[in-house]
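# Working through the structure, step by step
Below, each chain spelled out in residue letters.
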Amino acid sequence: MNAELYVLPLVVRIERATPPERTDALEAAAKAVLDLLADPGEWAAEVHAWEATGKIRKVVRRARGAEWRRAVALPGRTIEHRTAEVRVHPPVPLDGWPRDLARLQVKGTELTDTAPPGPAEPPTLWENPALEMSAGKAMAQAGHAAQLAWWASDEGERAAWREQGFPVTVRRAESAAAFEAMAAAGLPVVRDAGFTEIEPGSCTFVADAPWLAGRVARS
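Empty space within the largest pocket amounts to approximately 760 Å³. Residue lining of the largest pocket: 35 residues in total, with Arg57, Lys58, His144, Asp192 and Phe195 positioned closest to the centre. When residues of the lining of the largest pocket are traced back to their parent elements, those giving at least two are β1 (6-13), β2 (58-63), α5 (135-152) and β8 (189-191). Among the elements that make up the lining of the largest pocket, the one with the highest residue count is α5 (seven residues). Broken down by class, the residue content of the lining of the largest pocket amounts to 16 nonpolar, eight polar and 11 charged.

This is the structure:
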């Protein structure tokens, strides 16, 4: 398998009458990625090949009704987090998606929060407030941030995080300056490849946790 040609599918359930809160969807995506990395199970070979080159591409699609039921019938795991349901599927070839996933739409994930989210609690994935991203794009980026945090953690830190059920909060940084300061502080930073929505190399998220401070070489 060529890991460069593999992608991780994430499907968010968005029913017309009951769409999830944006923040809940982002946090659910991060939790789904962490759950798969911590225990890939029968998909260990696919996950290893996907991770091998560091090209951890993710694509988020939306589903409702019968679409969601078909997605759930395929191999994968569903993460339920407050108002959100996100299903993570094993990595697939970029041009070889299962038909029922390939038919799902990427567009249409313009979610909002109906009330301000509560205070951030570590670990926190900080979104760059200077960028405008659809919820689907931001979900993928939050998943990247969670994965970089996982990679930067040692075995003991991973085990403790997993034992606690992968607590994670996603919040927008207070200002562009605050985000840039965190990005320069030796924390894991997501730099987007630029396939969709934003310019290549844009810093989208910073992963912040007490054990991650200074863990990553500053750039």
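Still more ground to cover, so stick around.
With that settled, consider the sheet that holds β8. Strands sit in the order β7-β6-β9-β8 across an open sheet of four strands; the sheet is mixed. The sheet is open, and its two edges are formed by β7 (169-172) and β8, each paired on a single side. Averaged over neighbouring strand pairs, the angle between their axes works out to 20° when direction is ignored. In terms of strand pairing, strand β6 (residues 124-127) meets β7 through four bridges, oriented parallel.

Residues Leu125, Met139 and Phe205 are the most contacted members of the largest nonpolar core, which totals 57 residues. With sequence-adjacent residues up to four places away left out, leucine 125 is seen in contact with Ala30, Ala142, Ala145, Ala146, Val168, Thr169, Val170, Arg171, Phe205, Val206 and Ala207. In this structure, Val7, Trp68, Trp97 and Leu104 belong to the second largest nonpolar core, which totals 10 residues.

Criteria and cut-off values
- Residues numbered from 1 in each chain as written.
- Predicted model: local features only at pLDDT ≥ 70, side-chain atom pairs only at ≥ 80, totals over all residues.
- Heavy atoms only, no water.
- 1 Å grid on protein atoms, 1.4 Å probe; cavity = no way out; pocket = protein on both sides within 12 Å on 5 of 7 lines; lining within 4 Å.
- Points joined across faces, edges and corners; volume = space filled by probe spheres on them.
- Helix = DSSP H or I, 4+ residues; strand = E, 2+ residues; numbered from the N terminus.
- Nonpolar A, V, L, I, M, F, W, Y, C, P; charged D, E, K, R; others polar.
- Pairing = 2+ DSSP bridges.
- Axes fitted to C-alpha atoms, helices over the stretch in contact; angles between N-to-C directions.
- Core = buried A, V, L, I, M, F, W, Y, C linked by side-chain atoms within 4.5 Å.
- Buried < 20%, exposed > 50% of the residue type's maximum accessible area, 1.4 Å probe, protein only.
- Contact = heavy atoms within 4.5 Å.

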